[in-house]
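Listed here are the chains, written in short residue letters.
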Protein chains: 2
Amino acid sequence: MNKHLCRAITLAFVSGGTIVAQFTNILMPQPEHLAAGTGQLTLSSSFSIGTTKTADPRLDAAIREAILQLRRKTALEIVLKTNSAPTLTIAVDSPGQVIQSVDENESYSLTSTATHIDLKAPTAVGAMRGLQTLLQLVQSSGSDYVIPAVTIQDSPRFPWRGLMIDCGRHFEPIPVLKRNIDAMAAVKLNVFHWHLTEDQGFRIESKVFPKLTALGSDGLFYTQAEARDLVAYARARGIRVVPEFEMPGHSTAWLVAYPELSSARAPSGIRREFGVSDFALDPTREETYTFIDRFLTEMVTLFPDPYLHIGGDETVSPEWKSDPRILAFMQAHQLKDPDALQAYFNQRVLKILTRLHRHMIGWDEILNPALPKDIIIQSWRGQASLDKGAQQGYQGLLSAGYYLDGMQPAGKHYLVDPSPSAAALTPDQRKLILGGEVAMWAEQVNEQTIDSRVWPRTAAIAERFWSPETVTDVDDMYRRLDKVSVELEANGLNHLNHEGASLRELAGTENIDALQTFASVIEPVSFGERYQQQKTSQLTVLDRFVDAVRPDPPSKHAVDLLMRGFLAKPSDAADRQALATIFQSMIDCTPEVRRQMAISPRLADAQTRAQQLPTLAKAGLQALTFIGSNQKASAGWKSSALAAIADAKKPSAIVRFTFLDSLTELVNRVSE
Amino acid sequence: MNKHLCRAITLAFVSGGTIVAQFTNILMPQPEHLAAGTGQLTLSSSFSIGTTKTADPRLDAAIREAILQLRRKTALEIVLKTNSAPTLTIAVDSPGQVIQSVDENESYSLTSTATHIDLKAPTAVGAMRGLQTLLQLVQSSGSDYVIPAVTIQDSPRFPWRGLMIDCGRHFEPIPVLKRNIDAMAAVKLNVFHWHLTEDQGFRIESKVFPKLTALGSDGLFYTQAEARDLVAYARARGIRVVPEFEMPGHSTAWLVAYPELSSARAPSGIRREFGVSDFALDPTREETYTFIDRFLTEMVTLFPDPYLHIGGDETVSPEWKSDPRILAFMQAHQLKDPDALQAYFNQRVLKILTRLHRHMIGWDEILNPALPKDIIIQSWRGQASLDKGAQQGYQGLLSAGYYLDGMQPAGKHYLVDPSPSAAALTPDQRKLILGGEVAMWAEQVNEQTIDSRVWPRTAAIAERFWSPETVTDVDDMYRRLDKVSVELEANGLNHLNHEGASLRELAGTENIDALQTFASVIEPVSFGERYQQQKTSQLTVLDRFVDAVRPDPPSKHAVDLLMRGFLAKPSDAADRQALATIFQSMIDCTPEVRRQMAISPRLADAQTRAQQLPTLAKAGLQALTFIGSNQKASAGWKSSALAAIADAKKPSAIVRFTFLDSLTELVNRVSE
């Protein structure tokens, strides 16, 4: 954010810098029930913790971690002290299940007064959720850090609140996954869905079938020890790990290693292009099921969760429509089309999973009446598909609406509800909607950029999954998102750091203030639009300007908020002045931006945007003047301004401006 | 850096944004001989590499890494291609020594033309140095990335170019050390001096004496596997690892585990305070030497380098002057004082090291005629101490002048020469000065802050160790330091990211532009000054404003440069305008800074500085006007301005302004 935008936001969000000795609600997700009390507990180095009822090593570790966080947040030399009259008393009824289940009780209650904090939970996982709330409650009284007096009763709206990371198309090293799991815990997500196999890479070590990674991974895979360690790491934070092994489609990398399992041809190598491949496992051979059986029998030793994801989406095999042998098999088994053949495949895999005590999850395509009702359908197709499953008695998860690669703003994802009360479902059907999962597909993200694509937007979605359906105030969400985002960075994510570091690297200098101003009103286009413009493959180097900027930067909502304020009351000078400052900063930054772009080939393609920006900003400034002073524009001004906006909406440099909708609204309000 | 300072620097450093199709020298360290040619080689995805003569896995790995760097720097889909007419031909005579020695040949020659690059080196290490130069040569021609035509003959001035990191007082996790080793390789340093034991922590696993870490490390130590891996990691980058085990002093952590080795009392626990402790190993007991023998016999299996550092500094044990048993021993062995007793200890340890085929290194205090001439004295006391050693025939390393915790500017360290030609040494004595080591003592750094304390200043010192003595242009060093600093960040350091992330965390918001402007003219005070004000211990939480800001931020030299320009030619408007913009930005940022400080207890102590800043900036603006327009100030103006500066120099908030010397000079030039 550049200085001017920051000031604008400050004006919008802070009530004059006064310090209020009362609770400021910056919790994310919002708890189910919250009542602010009076007074506050002042934190000091004498802070102490006592646990009653259950002793549990996992809870102990969570408490030690909370202490470290309290130290960081306050700079107080807080060390773990336990005594008979502790500042914080934690009472947990039970450690919780050895293998965290989908119906693990995550509720807790938290009561703080001026002298004491009580945290009660039926399970250690519930207590962990309460500790995260406690950390978010720490605020400043001016001279001290305090925990305000509150009474909170909290439990999640949905039991399944996930984040899926595609580690197939681009490999993400373990430290990247760990810091993302830390962030998940901070916003009370509870399922890490680990997408481990793709056409572009097979990422998990199999000792039974070592060729899977030897030939299918470019050497980029997780060892079994690393996978076990990650599962333990997640469990320590109250997070389940659900692995996904894509079958029968998205399986090119399997077939590079074991071409005999292919429906027909052997692939020439790991797929580098993206999009749907036409390779699939052969559902007609017994060897395929023997292989899957042995492979999954090995995998369940790594992944104790009762659910196992088989993918199942986008299976396209021309041979399923043309190969005489396959067609004969289908006829013999009365399978009328490829969908039926896939359903047959799924039934066979289901038998294996059942023997292994695992429930099946798959994408929409696995939905078939032939499958039993204990499977879960994860919907990438949408609410209608999800509801259709529920109406047939299938459990479901919503992922449509939570695809991060669409580069949509947090506020848009935030309003997508997995199970809106308006939906045409019976109460029993409604119970089948277990929750949702954010999906981070990795065609265009790598280990440097992934955090900035996942966060902070995922925090807003996490609130959707946890908080009551009625919590839908987008402006208030953004107010709190600023706080949670900064906390997530302090806990290890690079999502805020990434932009500055990338711009420095692109420009080859620390002197990037103009570039940062420019970048603050730019965001990446969606995966699809980028693909159309750039035809990205797995080999594309992801370090251009588009990779530096982030989706939904703070300027987007800030400008929108100011614009709404200004248009609601054009006579008020504050919003107008703030907007004018922003537009002026856009104009001011351009000469230096263009100079730097001229000497950096990787910035050069954004020259068009740098040319467009001052024209847009000037139109904005003029519109502010016209409306603010109740003047009319000269004839043709409006069409000229709208033409400039239309021009700026045309694809270029794989990036787009964040403020064009607000600007359009402004221009349209000008009278001619 | 805030926008205004950036612009100022841009004005100072860039010649109008024109692109010159010729070599721009941004190399650091500067090579011994360089001749720029004409033309340039345009990089493309068809870039290929061929090696001739020696095949070597270490060289192959370095080439693969260089390819990744080229991809990052250019976004070209460069993959490793070898063919008969490669773009880059690398000819290496020999892989080099299995255990890199102090006299490893690190020279190389590099010749590039419009079509071809030749890199020749006698060893793989030399070729690695050349590859780093090649990466620094990549520059922009506007539309493309190119390598300009040059001819370079290069070799280091000193064979020993080290960085010491104290992992005793604060533990640094392995990833931190690895990224620092990467950075060392980028600027051609070749010794990582690993300070592994301290009063505050024993950091290396001993399987023979497991209590050393069980009781002496708080659980924060390196396993033997990690140590071996780090040694291999360093070797792969042409860097030796010299371990240091402090004895007989700085050994509280040993004695926590094995109190029977203490000169008298058992310590009550790991020492949390800093400063010199009064515990020491007992030099009068045979058990001490048996212990050291067994311990070092184990350690040399981890650390193959022929040198081993025994510390030896600041040994203070009251018992060496009072304990009857120790005094009797001293008398019996004709040891007249504690120094003689330590010399006796060193002689005994030397025997152990000799048996283990290790040369001894130690700090100044080990210098004693009783020790043979193959030891190395590392001087923290200064040039005189070093020269005195050389005059007595001892090899030496300079560390005085390179202590990073003094928070001195890069330009000051840069001008400290380990062996100035003016020194009173014979040519043979001069040869005994092997080089120098940067020292990062860790009283007040942790894993978050260390990068910003070590870099980029260490890059400037690395140039001192490598480049000819005559390379001393401080302004030119800073010009190049900006480039190398950004490259180091792109390779994994957080030294530039850290400030923004910390300020966001301290302020609890992304909106930190005013704070960043403020921070850009602030730096931490020295270790000693901070200690005086804050009495830091190992338990002090290092996340206050002082920990966010960095030593020698770019503003410091930028303001100095502009001030020199302005004072040399006050009639020229450019420098005056740039300075005025900077002073104005200082004034403008203050209200928002003060508002944020009022609501963040961890920022609150810097309120004094925020109050002082606008007064100083106003004085600066007035002085610019007086001098620029040849006006006289009214009587008393100057003394008032100097009083404000004096006030701002008083200790407060453990931070100081970066520009007070420049401002003083400016004010003093005003006529009254």
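Engineer: Just to check I follow, could you spell out the overall build of chain A for this structure?
Structural biologist: Regarding its fold elements, chain A presents 27 helices and 19 strands. The C-alpha radius of gyration of chain A comes to 27 Å, within 12% of the 26 Å expected for a compact globule of 672 residues. Viewed in the frame of its principal axes, chain A has a C-alpha envelope of about 80 × 70 × 50 Å. Counting only residues that meet the buried cut, chain A has 63% of its 672 residues in that class. Counted over contacts in chain A with a minimum sequence separation of 6, partners at least 24 positions apart contribute 76%. Roughly 23200 Å² of accessible area belongs to chain A as shown, and the carbon and sulfur atoms make up 54% of that amount.

Engineer: Any chance you could explain the interface of chain A and chain B here in plain terms?
Structural biologist: Residue-level contacts link 58 residues of chain A with 58 residues of chain B. Of the roughly 4900 Å² buried at the junction of chain A and chain B (both faces included), carbon and sulfur atoms supply 49%. Summed over the shared surface of chain A and chain B, the result is 6 salt bridges. Residue R504 of chain B pairs with E489 of chain A through a salt bridge whose shortest N-O separation is 2.6 Å.

Engineer: Where do I start with the relation of the copies chain A and chain B in this structure?
Structural biologist: Relating the two copies of this chain is a rotation about some axis coupled with a shift parallel to it. For the pair chain A and chain B, the best superposition has an RMSD of 0.0 Å and corresponds to a rotation of 180 degrees with a translation of 0.0 Å parallel to the axis. The superposition of one copy onto the other is thereby described by a two-fold rotation axis. If distances are taken from each C-alpha of chain A to the rotation axis, the shortest is found for N497 of chain A, at 3.0 Å. Here 100% of the contact residues of chain A are again contact residues in chain B; the copies associate through an equivalent surface.

Engineer: Explain the environment of R479 of chain B here, please?
Structural biologist: Residue and element names in this part refer to chain B. Relative to the elements of secondary structure, R479 occurs in helix 17 (residues 474-490). Taking the C-alpha atoms as reference points, R479 and P524, separated by 45 residues in sequence, lie 23 Å from one another. A polar side-chain atom of R479 sits 2.7 Å from the main-chain carbonyl oxygen of N25.

Engineer: Teacher, can you tell me more about the environment of I599 of chain B here?
Structural biologist: All names here are of chain B. Relative to the assigned elements, I599 resides in the loop between helix 23 (573-598) and helix 24 (601-604). By relative accessible area, I599 is classed as partly exposed at 30%. Taking the C-alpha atoms as reference, I599 lies 38 Å from A460; in sequence the two are 139 residues apart.

Engineer: Help me understand helix 2 (residues 57-74) of chain B in this model?
Structural biologist: Residues that lie three or four places apart on an α-helix share one face, since the helix turns once every 3.6 residues. All names here are of chain B. The end-to-end C-alpha distance of helix 2 is 26 Å, a good match for the 26 Å that 18 residues give at a rise of 1.5 Å each. When helix 2 is considered as a whole, its buried residues turn out to be R58, L59, A62, I63, A66, I67, Q69, L70, R71, R72, K73 and T74. A positive phi of about 60 degrees marks A75, the residue just after helix 2.

Engineer: Sorry if this is basic, but what is going on with the pattern of salt bridges here?
Structural biologist: Between side chains of opposite charge, pairing is possible as soon as their charged atoms come close. Enumeration according to the criterion identifies 86 salt bridges over all chains in this entry. With its nearest N and O atoms 3.9 Å apart, the salt bridge here joins R550 of chain A to E499 of chain A. Taken as a pair, R550 of chain A in the loop between helix 21 (545-548) and helix 22 (554-568) and E499 of chain A in helix 18 (residues 497-507) lie far apart in primary sequence, 51 residues in all. By relative accessible area, E499 of chain A is classed as buried at 6%. Within this structure, R72, K73 and E487 of chain A together with E505, D543 and R602 of chain B form a network of salt bridges that share partners.

Engineer: I'm lost on unusual backbone geometry in this one. Help?
Structural biologist: Most peptide bonds take the trans configuration, and most residues that are not glycine carry a negative phi. Cis peptide bonds are those with omega within 30 degrees of zero, and the linkage from M247 of chain A to P248 of chain A qualifies with 0 degrees. With respect to the helices and strands, P248 of chain A occurs in the loop between strand 12 (240-244) and helix 7 (252-257). Look at the link from W455 of chain B to P456 of chain B: it is a cis peptide, with omega at 5 degrees. Within the secondary structure layout, P456 of chain B lies in the loop between helix 15 (450-454) and helix 16 (457-466). Despite not being glycine, K535 of chain A has its phi angle at roughly 50 degrees, a positive value. If you trace the backbone, K535 of chain A turns up in the loop between helix 20 (527-534) and helix 21. The backbone phi angle of D218 of chain B is positive, close to 55 degrees, even though this residue is not glycine. Note on placement: D218 of chain B falls in the loop between helix 5 (211-216) and helix 6 (224-235). Of the residues examined, D218 of chain B reaches a relative accessible area of 42% and is grouped as partly exposed.

Engineer: What should I look at first to understand the packing of aromatic side chains in this one?
Structural biologist: The geometry of an aromatic ring pair comes down to the distance between the two centres and the angle between the two planes. A complete count under the given rule lists 48 aromatic pairs over all chains for this structure. Seen in terms of ring centroids, W363 of chain A and W441 of chain A are 5.6 Å apart; in terms of plane orientation they differ by 45 degrees. Their pairing is tilted. Here W363 of chain A is found in strand 14 (residues 359-363), whereas its partner W441 of chain A is found in the loop between strand 17 (433-440) and helix 15 (450-454), with 78 residues between them in sequence. A relative accessible area of 8% means that W441 of chain A is categorised as buried. An aromatic cluster is present here, built from F171, F192, W194, F202, F209, Y222, F245, W254, Y258, F291, F295 and F303 of chain A joined pairwise through their rings. Above the face of the Y233 of chain A ring, R237 of chain A is positioned so that its terminal group lies 3.5 Å from the ring centre. If you follow R240 of chain B out to its NZ or CZ, it ends over the ring of W160 of chain B, 4.2 Å from the centre.

Engineer: It is not clear to me how helix 22 of chain A should be interpreted in this structure. Could you clarify?
Structural biologist: Taking 1.5 Å of rise per residue, the 15 residues of helix 22 of chain A would be expected to cover 21 Å, and the 21 Å separating its terminal C-alpha atoms lies within 8% of that figure. Those residues of helix 22 of chain A not exposed but buried are S555, K556, H557, A558, V559, L561, L562, M563, F566 and L567 of chain A.

Engineer: For this particular structure, what's the right way to read the pairing of strand 4 (residues 108-112) of chain B?
Structural biologist: Two faces make up the sheet, and in a regular strand the side chains alternate between them. All names here are of chain B. With 4 of 5 residues buried, strand 4 lies mostly within the body of the structure. In the sheet, strand 4 pairs with strand 5 (residues 117-123) via 4 bridges, with the strands oriented antiparallel. Among the inter-strand pairings, S109 is bridged to a residue of strand 5, identified as K120. Counting the residues in the hairpin turn of strand 4 and strand 5 gives 4 residues.

Engineer: Just checking my understanding: could you explain the side chain of Q30 of chain A for this structure?
Structural biologist: Residue and element names in this part refer to chain A. Structurally, the position occupied by Q30 is in the loop between helix 1 (3-13) and strand 1 (33-42). You can call Q30 buried: its relative accessible area is 12%. Reaching out from Q30, the side chain makes a polar contact with the backbone oxygen of L27 at a distance of 2.9 Å. Ignoring anything within four residues of it in the chain, the contact list for Q30 reads N25, E463, W466, S467, P468, V471 and R480.

Engineer: Before we go on, may I ask you to explain the packing of helix 10 (residues 324-332) of chain B against helix 11 (residues 338-355) of chain B in this structure?
Structural biologist: For any two helices packed against each other, the geometry comes down to the angle between their axes and how far apart the axes lie. Residue and element names in this part refer to chain B. Interhelical geometry of helix 10 versus helix 11 gives an angle of 75 degrees and a closest axis separation of 11 Å. Relative to helix 11, the element helix 10 lies roughly perpendicular. Only P338, L341 and Y344 of helix 11 make contact with helix 10, whose side of the interface consists of I326, F329 and M330. In terms of residue class, the contact of helix 10 with helix 11 is built from 6 nonpolar, no polar and no charged.

Engineer: Hey, could you run me through the packing of helix 4 (residues 174-186) of chain B against helix 6 of chain B in this one?
Structural biologist: Residue and element names in this part refer to chain B. Contact geometry of helix 4 with helix 6 gives a least axis separation of 10 Å together with a crossing angle of 15 degrees. For the element pair helix 4 / helix 6, the angle class is roughly parallel. Pair helix 4 / helix 6 crosses with right-handed handedness. Residues I174, L177, K178, I181 and D182 of helix 4 lie in contact with helix 6, whose contacting residues are E226, D229, L230, Y233 and A234.

Engineer: Got a minute to help me understand the confidence of the model for chain A in this structure?
Structural biologist: For any part of a model where pLDDT is low, the fine detail of the predicted coordinates should not be relied upon. Residues and elements named next belong to chain A. Per-residue confidence for chain A averages 94 on the pLDDT scale, and 97% of its residues sit at or above 70. This stretch, residues 1-20, has a pLDDT under 50; its non-local contacts, to residues over four places away or in other chains, come to 47 contacts. For this predicted complex, the interface score ipTM comes out at 0.93, alongside a pTM of 0.94.

So, how was this worked out
Residues numbered from 1 in each chain as written. Chains lettered and ligands numbered in written order. Predicted model: local features only at pLDDT ≥ 70, side-chain atom pairs only at ≥ 80, totals over all residues. Heavy atoms only, no water. Helix = DSSP H or I, 4+ residues; strand = E, 2+ residues; numbered from the N terminus. Rg over C-alpha atoms; globule rule 2.2 N^0.38 Å. Buried < 20%, exposed > 50% of the residue type's maximum accessible area, 1.4 Å probe, protein only. Contact = heavy atoms within 4.5 Å. Areas by Shrake-Rupley, 256 points an atom, 1.4 Å probe, with all protein chains shown as cover. Buried area = accessible area lost by both parts, 1.4 Å probe. Salt bridge = Lys/Arg side-chain N within 4 Å of Asp/Glu carboxyl O. Least-squares fit on C-alpha atoms with pLDDT ≥ 70 in both. Polar contact = N/O pair within 3.5 Å; in protein donor to acceptor, adjacent residues only side chain to side chain. Expected span 1.5 Å × (residues − 1). Phe/Tyr/Trp six-rings, centres within 6.5 Å; stacked < 30°, edge-to-face > 60°. Lys NZ or Arg CZ within 6 Å of the ring centre and 35° of its normal. Pairing = 2+ DSSP bridges. Axes fitted to C-alpha atoms, helices over the stretch in contact; angles between N-to-C directions. Parallel < 35°, antiparallel > 145°, perpendicular 65-115°, else oblique. Nonpolar A, V, L, I, M, F, W, Y, C, P; charged D, E, K, R; others polar. Left-handed = near helix turned anticlockwise from the far one by under 90°. pLDDT = per-residue confidence, 0-100.

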